[in-house]
Amino acid sequence: MPNDDPPGGDAMSDGLMSDRPTSDGPTSDEIVSIAPATGKELWRGRIGDIDELVQRARRAWANWAAQSLTTRIELVRRFANEVRKEQDAFAELIARETGKPLWEARTEVESVIAKVEISVRSYAERTAQRRLDSAMQGTTALRHKPHGVMAVIGPYNFPALMPSGQIIPALIAGNAVIFKPSEKTPAAGEFLVRCFHRVGIPANIIQLLIGGPPQGAQLVAHDGVDGVLFSGSSNVGIAINRKLAGNPGKIVALEMGGNNPIIAWDTPKLHDAAALIVQSAFTSAGQRCSNARRLIVKSDLYDALVGEVKKLTARLIVGAPFDDPQPYMGPVIDNAAAEGLSDSFVHLLSSGGRPIKHMVRLDPDLPFVSPAIIDTTAIAERPDLELFGPLLQVIRVDDFDAAIAEANNTRFGLSAALIGGTPQDYNRFWANIRAGIVNWNRPTNGSSAGAPFGGLGLSGNNRPGAFYAADYCAYPVSSAEMEQPRANIGIGLRDE
Ligand code: NAD
């Protein structure tokens, strides 16, 4: 059963857990979070004052940076313990606020905990201090310094994991962080920030900004912010990039969306192939940046494989987060998203798509949609968009070159997978595909937290996160050093 109690402890914002009907809409200075699976209000809180948060962070960050690395690491390790202590309540809150099944919310919280050790290792491997040489001329030291005040802007689909993947490395490196969670998941954001505060990380070093797009836009452009770590849609990432184009000194890491391909080639293991395709397309109700959106399938495999995928998809349970038995997937985030997906399905149909499995709104008032599959081979101009939900397009091709060309027929470049094929096929696929995550006989959304995570084109700006997040949380300083001045001008001097 969902826990309807507010997360206990210190009062940090005036965010309130609630279970009222949605009738009293937000006032102009409030953000209200609605539970997708019930349509009920879950939380409301006041929009933050950006100038004030930035001023506090600016005053505080140098002290934090001056602490020893060991102290900062010790504190984030305590944070991991705090999250572990609270993991049931946290998972329940995430499940309620995003609508994702409880089992999946639990894996998100476990990944937040694991993020701490990965970030400690990443800091040491990616940005550790080094002595480069020690000739007669002294040594050169390579050290890293924090940027100062970082803005972390989060998406709704992983309201705890995505921001943690940026906040934890930013704190270890010695930055202060202002975190703006998605306006759709502020309660999870607040819970996360409380866990940092409870273990003694100063309140001004990790601050919560409640707000929506206008506050995000204002925060990233604020002169007192030294860096922007963003995960979200490509449109918003591009808007941030444009806004900061005249400010090259501000570091900007953009983790954005994808229109990810999965190629299905020769394999005797049709059932496994179908399971990998279904996982790739429909995990998290298709609301992962790394979900497969396009299944590119060899013609002579088409009937058998697509038949298997359709059969398996029809068995997926769509339900509320705390249902028993647990659903495979929950609702999408809100009714606007459900309508947008249904409209996209209809648009693809009217453009020449052939339905394999229709998208159905399962409840007229709530955003539950059934997973849908449509063959878009006959559509000449397939829209190159991220359709962020359980909607898989199928494209039939005759040869492997055509499959790779079709997979690359996108401006995005986040993840891609080949299912089946020979090692030679995989080598060709790996060499020619444009994506930051390239998998073989694994789902498009399978990636290790111990590896970098990022994409090309509209998917990212070449600042991958996860294991490489340390890279954008600190900047390298090269220092030629000697204990005493020792110098002699050996050429080009007049006699004394
Ligand atoms: P979104 O882009 O709508 O919003 C993300 C965040 O940006 C929110 O906090 C929002 O308030 C803020 N925002 C909106 N407009 C802004 C502006 N002009 N300036 C600054 N901030 C602004 O994304 P979403 O719908 O919350 O999340 C889903 C998207 O995130 C999908 O596109 C998904 O692919 C992507 N995503 C990418 C990754 C990745 O690692 N590549 C991970 C998770 C999600």
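**Things to note about the overall build of the protein**
Here is step 1: Counting its regular elements, the protein contains 14 helices and 22 strands.
Here is step 2: Over its C-alpha trace the protein gives a radius of gyration of 25 Å, about what one expects of a compact globule, namely 23 Å for 496 residues.
Here is step 3: Each principal axis of the C-alpha atoms in the protein carries an extent, and together these give about 90 × 60 × 40 Å.
Here is step 4: When burial is assessed residue by residue, the protein has 54% of its 496 residues classed as buried.
Here is step 5: Restricting to contacts in the protein with at least 6 residues of sequence separation, those with at least 24 account for 71%.
Here is step 6: When the accessible area of the protein is evaluated, it comes to approximately 21400 Å², of which 52% is carbon and sulfur surface.
Here is step 7: Within the protein, one finds 49 positive and 55 negative side-chain charges whose respective centroids are separated by 4 Å.

**A closer look at the packing of aromatic side chains**
Here is step 1: As enumerated under the stated definition, the model contains seven aromatic pairs in all.
Here is step 2: Ring centres 6.5 Å apart and planes at 40° place the aromatic pair Tyr 426 and Phe 429 in the tilted group. Of this pair, Tyr 426 and Phe 429 both sit in helix H13 (residues 423-432), three residues apart, which is roughly one turn of that helix. Exposure class is identical for Tyr 426 and Phe 429. Each is buried.
Here is step 3: Seen from their ring centres, Tyr 426 and Trp 440 are 4.8 Å apart, and the 5° between their planes marks the pair as stacked.

**With respect to empty space enclosed by the protein**
Here is step 1: Under the counting rule described, the total for this entry stands at three cavities of 30 Å³ or more.
Here is step 2: Quantified by volume, the largest cavity comes out at close to 100 Å³.
Here is step 3: What lines the largest cavity is a set of 13 residues, among which Thr 98, Lys 100, Asn 157, Ser 284 and Gln 287 lie closest to the centre.
Here is step 4: Per-class residue counts for the lining of the largest cavity are six nonpolar, six polar and one charged.
Here is step 5: When we break the lining of the largest cavity down by domain, the ones giving at least three residues each are domain 1 (30-256 + 460-478) and domain 2 (260-440).
Here is step 6: What the second largest cavity holds in volume is close to 60 Å³.
Here is step 7: What lines the second largest cavity is a set of 13 residues, among which Pro 261, Thr 410, Phe 412, Gly 413 and Arg 434 lie closest to the centre.
Here is step 8: If you list the elements that add at least two residues to the lining of the second largest cavity, you get strand S11 (260-264), strand S16 (412-413) and strand S17 (415-419).
Here is step 9: Across the lining of the second largest cavity, the residue classes break down as seven nonpolar, five polar and one charged.

**Let's talk about the site of the ligand**
Here is step 1: Taken together, 27 residues sit near the ligand, with Gly 154, Glu 183, Ser 233, Met 256 and Glu 386 positioned nearest.
Here is step 2: Protein burial of the ligand: of its 840 Å² of free accessible surface, 91% is covered by the chains.
Here is step 3: Listing elements by their share of the shell around the ligand, those giving two or more residues are helix H7 (213-221), strand S9 (227-231) and helix H8 (234-243).
Here is step 4: A per-class count over the shell around the ligand returns 14 nonpolar, nine polar and four charged.
Here is step 5: Both of domain 1 (30-256 + 460-478) and domain 2 (260-440) provide at least three residues apiece to the shell around the ligand.

**As for the pairing of strand S2 (residues 30-34)**
Here is step 1: Sheet analysis places S2 next to strand S3 (residues 41-46), joined by five bridges and oriented antiparallel. Each bridged residue has a counterpart across the sheet, and for Glu 30 the counterpart in S3 is Arg 46.
Here is step 2: A loop of six residues connects S2 with S3, the two strands running antiparallel in sequence, and Gly 39 in this loop sits at a positive phi of about 75°.

**Details of H13**
Here is step 1: All buried positions along H13 are accounted for by Asp 425, Tyr 426 and Phe 429. Mapping the buried residues of H13 onto a view down its axis gives an arc of 95°, with all of them on the same face. Residues of H13 that are exposed and point more than 90 degrees away from the buried face comprise Gln 424, Asn 427 and Ala 431.
Here is step 2: At its buried positions, H13 is contacted by S11, helix H12 (400-407), S17 and strand S18 (437-440).

**Things to note about the domain arrangement of the protein**
Here is step 1: When its domains are assigned, the protein resolves into domain 1 (30-256 + 460-478) and domain 2 (260-440).
Here is step 2: Taken together, the contacts link 21 residues of domain 1 with 22 residues of domain 2.
Here is step 3: Summing both partners gives a buried area of about 1700 Å² for domain 1 against domain 2, and 63% of it is carried by carbon and sulfur.
Here is step 4: Connecting domain 1 to domain 2 are two salt bridges.
Here is step 5: Between Asp 334 and Lys 184 there is a salt bridge, and its shortest N-O distance comes to 3.7 Å.

**A word on the nonpolar core**
Here is step 1: Core analysis: the biggest nonpolar cluster contains 78 residues, and Phe 79, Leu 171 and Ile 201 have the highest contact counts within it.
Here is step 2: The dominant element in this core, judged by the number of residues it contributes, is helix H4 (residues 102-127), at eight residues.
Here is step 3: Non-local contacts of Leu 171, meaning those with residues more than four positions away in its chain, are made with Trp 64, Arg 72, Val 76, Val 177, Phe 196, Ile 201, Ile 205 and Ile 206.
Here is step 4: Judged by nonpolar contacts, the second largest core, of 39 residues, contains Ala 292, Leu 295, Ile 374 and Leu 392.

**Here we look at the sheet that holds S11**
Here is step 1: Taken in spatial order, the seven strands of this open sheet run S13-S14-S15-S12-S11-S17-S18, and their pairing is mixed. Each having just a single partner strand, strand S13 (354-357) and S18 make up the two edges of the open sheet. Strand-to-strand twist in this sheet, taken as the mean axis angle between neighbours without regard to direction, amounts to 20°.
Here is step 2: Two strands pair when backbone bridges link them, and strand S12 (residues 292-298) and strand S15 (residues 391-397) are joined in this way by five bridges, in the parallel orientation.

**A few points about helix H2 (residues 69-85)**
Here is step 1: Compared with the 24 Å implied by 1.5 Å per residue over 17 residues, the 24 Å span of H2 between its first and last C-alpha is a close match.
Here is step 2: Inspection of H2 places Arg 72, Ile 73, Leu 75, Val 76, Phe 79, Ala 80, Glu 82 and Val 83 among the buried residues, and these make up the whole buried set.
Here is step 3: Contacts from the buried residues of H2 go to helix H1 (50-66), helix H3 (87-98), H4, helix H5 (161-173) and helix H6 (186-198).

**Notes on the environment of Ile 167**
Here is step 1: When you line up the elements, Ile 167 lands in helix H5.
Here is step 2: Considering only alpha carbons, one finds Ile 167 and Cys 473, 306 residues apart in sequence, at a separation of 9.2 Å.

**Structural notes on the environment of Asp 133**
Here is step 1: Relative to the elements of secondary structure, Asp 133 occurs in strand S4 (residues 130-135).
Here is step 2: Sequence spacing of Asp 133 and Ala 480 is 347 residues, and the spatial spacing of their C-alpha atoms is 9.6 Å.
Here is step 3: Sequence-distant contacts of Asp 133, defined by excluding residues within four places in its chain, comprise Gly 138, Thr 139 and Thr 140.

So, how was this worked out
- Residue positions are given per chain, counted from 1 along the sequence in the order it is written.
- In view of the model being predicted, local features appear only for residues whose pLDDT reaches at least 70, and side-chain atom pairs are presented and counted only at 80 or more, with totals across whole chains, interfaces and linings using the full set of residues.
- For the side-chain quantities, the full set of heavy atoms in the structure was used; hydrogens and water were omitted.
- The way it works is that DSSP assigns letters per residue, a run of H or I at least four long becomes a helix, a run of E at least two long becomes a strand, and they are numbered from the N terminus.
- We compute the radius of gyration from the C-alpha atoms alone; for a globule the expected value is 2.2 Å times N to the 0.38, where N is the number of residues.
- Any residue under 20% of the maximum accessible area for its type is buried, any over 50% is exposed, and the rest in between are partly exposed; the area is computed with a 1.4 Å probe on protein chains only.
- Here, residues are in contact when the closest pair of their heavy atoms is within 4.5 Å.
- Accessible areas in this description were obtained via Shrake-Rupley with a 1.4 Å probe; residue shielding takes into account the shown protein chains only.
- Under the convention used here, Asp and Glu are negative, Lys and Arg are positive, and both His and the chain ends fall outside the count.
- Note on charges: their place is set at NZ of Lys, CZ of Arg, CG of Asp or CD of Glu.
- Classification of ring pairs uses Phe, Tyr and Trp, with its six-membered ring standing for Trp, and accepts pairs whose centres are within 6.5 Å; under 30 degrees between planes counts as stacked, over 60 as edge-to-face, and the remaining range as tilted.
- We place a 1 Å grid over just the protein atoms. Points where a 1.4 Å probe fits but has no way out form a cavity, open points with protein on both sides within 12 Å along at least 5 of 7 lines form a pocket, and any residue with an atom within 4 Å of a point lines it.
- Grid points are joined across faces, edges and corners, and a volume is the space filled by probe spheres set on the points.
- The nonpolar class holds Ala, Val, Leu, Ile, Met, Phe, Trp, Tyr, Cys and Pro. Asp, Glu, Lys and Arg form the charged class, and all remaining residues, Gly among them, are polar.
- Just so you know, the domain bounds were taken from an automatic or database domain assignment.
- Here a residue is considered near a molecule or strand provided that any single heavy atom belonging to it is located within 4 Å of it.
- Strand pairing is assigned whenever DSSP detects at least two bridges linking the two strands.
- As used here, the arc is the angular range of directions from the helix axis to the C-beta atoms.
- A quick way to say it: buried area is the sum, across both parts, of accessible area lost when two parts are put together, with a 1.4 Å probe.
- By definition here, a salt bridge exists when the distance from a side-chain nitrogen of Lys or Arg to a carboxyl oxygen of Asp or Glu is within 4 Å.
- Buried residues of nine kinds, namely Ala, Val, Leu, Ile, Met, Phe, Trp, Tyr and Cys, make up a nonpolar core once their side-chain atoms join them within 4.5 Å.
- Here an angle of 0 to 180 degrees is reported between the N-to-C directions of two axes, which are lines fitted to C-alpha atoms, with helices fitted over the stretch in contact.
- How far a helix is expected to stretch is found by multiplying one less than its residue total by 1.5 Å.

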